[in-house]
Amino acid sequence: MSEIFFDEALEDAKKLDTKLKEDGKPVGPLHGVPVSVKDHYNVKGQYTTAGYISYGVHALKEEDAHIVEILREAGAVLYVKTTNPQCMMVLETVSNIYGRTLNPWNT
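For every chain, the first residue of the written sequence is number 1, and numbering continues from 1 along that sequence. Where totals are concerned, whole chains, interfaces and linings use all residues; where local detail is concerned, this predicted model gives features only for residues with pLDDT of at least 70, and gives and counts side-chain atom pairs only at 80 or more. Think of the side-chain values as coming from all heavy atoms in the structure, minus any hydrogens and water.

Engineer: Sorry if this is basic, but what is going on with the overall build of the protein chain here?
Structural biologist: Secondary structure elements follow DSSP: runs of H or I of four or more residues count as helices, runs of E of two or more count as strands, with numbering from the N terminus. For the protein chain, the count of helices and strands is two helices and five strands. For the protein chain, the α and β elements follow one another from N to C terminus as β-α-β-α-β-β-β. If you line up the protein chain on its principal axes, its C-alpha atoms span 45 × 35 × 20 Å. Between buried and exposed lies partly exposed: a residue is buried under 20% and exposed over 50% of the maximum accessible area for its type, with that area taken using a 1.4 Å probe on protein chains only. Each of the 107 residues in the protein chain was classed as buried or not, and the buried ones make up 30%. Relative to all contacts within the protein chain whose residues are 6 or more apart in sequence, the contacts with residues 24 or more apart total 65%. All accessible-area figures derive from a Shrake-Rupley calculation using a 1.4 Å probe, and residue coverage is judged against the displayed protein chains alone. Accessible area for the protein chain stands at about 7,300 Å²; split by element, carbon and sulfur atoms hold 56% of it. Only heavy atoms matter for contacts: two residues are in contact if any of them lie within 4.5 Å across the pair.

Engineer: Is there a simple way to explain a nonpolar patch on the surface in this structure?
Structural biologist: Residues enter patches when their relative accessible area tops 30% and they take part in no salt bridge; the joining distance is 9 Å for like charges and 5 Å for the nonpolar side chains Val, Leu, Ile, Met, Phe, Trp and Tyr. For this analysis, a salt bridge means a side-chain nitrogen from Lys or Arg found within 4 Å of a carboxyl oxygen belonging to Asp or Glu. On the surface, a cluster of nonpolar side chains totalling about 230 Å² of accessible area is made up of Tyr41, Ile67 and Ile70. By secondary structure assignment, the location of Ile67 is in helix H2 (residues 66-73).

Engineer: It is not clear to me how the nonpolar core should be interpreted in this structure. Could you clarify?
Structural biologist: Residues belong to a common nonpolar core when they are buried Ala, Val, Leu, Ile, Met, Phe, Trp, Tyr or Cys residues joined through side-chain atoms within 4.5 Å. Ranked by size, the top nonpolar core spans nine residues in total: Phe5, Val35, Val37, Val43, Ala65, Val68, Leu71, Ala76 and Leu78. Elements represented by at least two residues in this core include exactly strand S2 (34-38) and H2. Excluding its chain neighbours within four sequence positions, the residues that come into contact with Ala76 are Leu30, Val33, Val35 and Leu71.

Engineer: Before we go on, may I ask you to explain the sheet that holds strand S3 (residues 77-82) in this structure?
Structural biologist: What links the strands of a sheet is backbone hydrogen bonding, and the strands pair in either a parallel or an antiparallel sense. We call two strands paired when DSSP finds no fewer than two bridges between them. Taken in spatial order, the three strands of this open sheet run S1-S3-S2, and their pairing is mixed. Looking at the sheet topology across the chains shown, the edges are occupied by strand S1 (3-4) and S2. As judged from the two bridges shared by S1 and S3, these two strands associate in the antiparallel manner. Directly across from Glu3, in S3, lies its bridge partner Lys81.

Engineer: Even after reading the chapter, I still don't get the environment of Ala59, so can you show me in this structure?
Structural biologist: Here Ala59 shows up in the loop between S2 and H2. For the pair Ala59 and Gln46, spaced 13 residues apart in sequence, the C-alpha separation works out to 8.6 Å.

Take a look at the structure:
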């Protein structure tokens with residue numbers, strides 16, 4: 001994982017719980033479902049490197065990518081960003097920032 005934001009995810013989940021109690025209906029088809037996104041998508045308040053070392057010094061993102069907005073509107077709860085290879089140009093995830101991503105059950 002490249003970014004972990006469990007506290008924000010718990011806050012979002014509590015807001016969804018409150019909304020469900022008030023309205024009696026879910027926000028959308030993904031109401032409360034935990035969702036991770038790859039590191040090439042901007043998530044407000046998080047870093048986005050897309051696997052580039054030079055992007056590691058950029059500021060926190062001020063807004064969500066469009067797909068992230070769609071997920072949130074559908075009720076998804078984002079909790080982590082996962083690593084990806086530089087520029088998404090290969091099938092396996094080997095990053096100069098995070099190293100090789102391995103299956104924890106088969107390293």
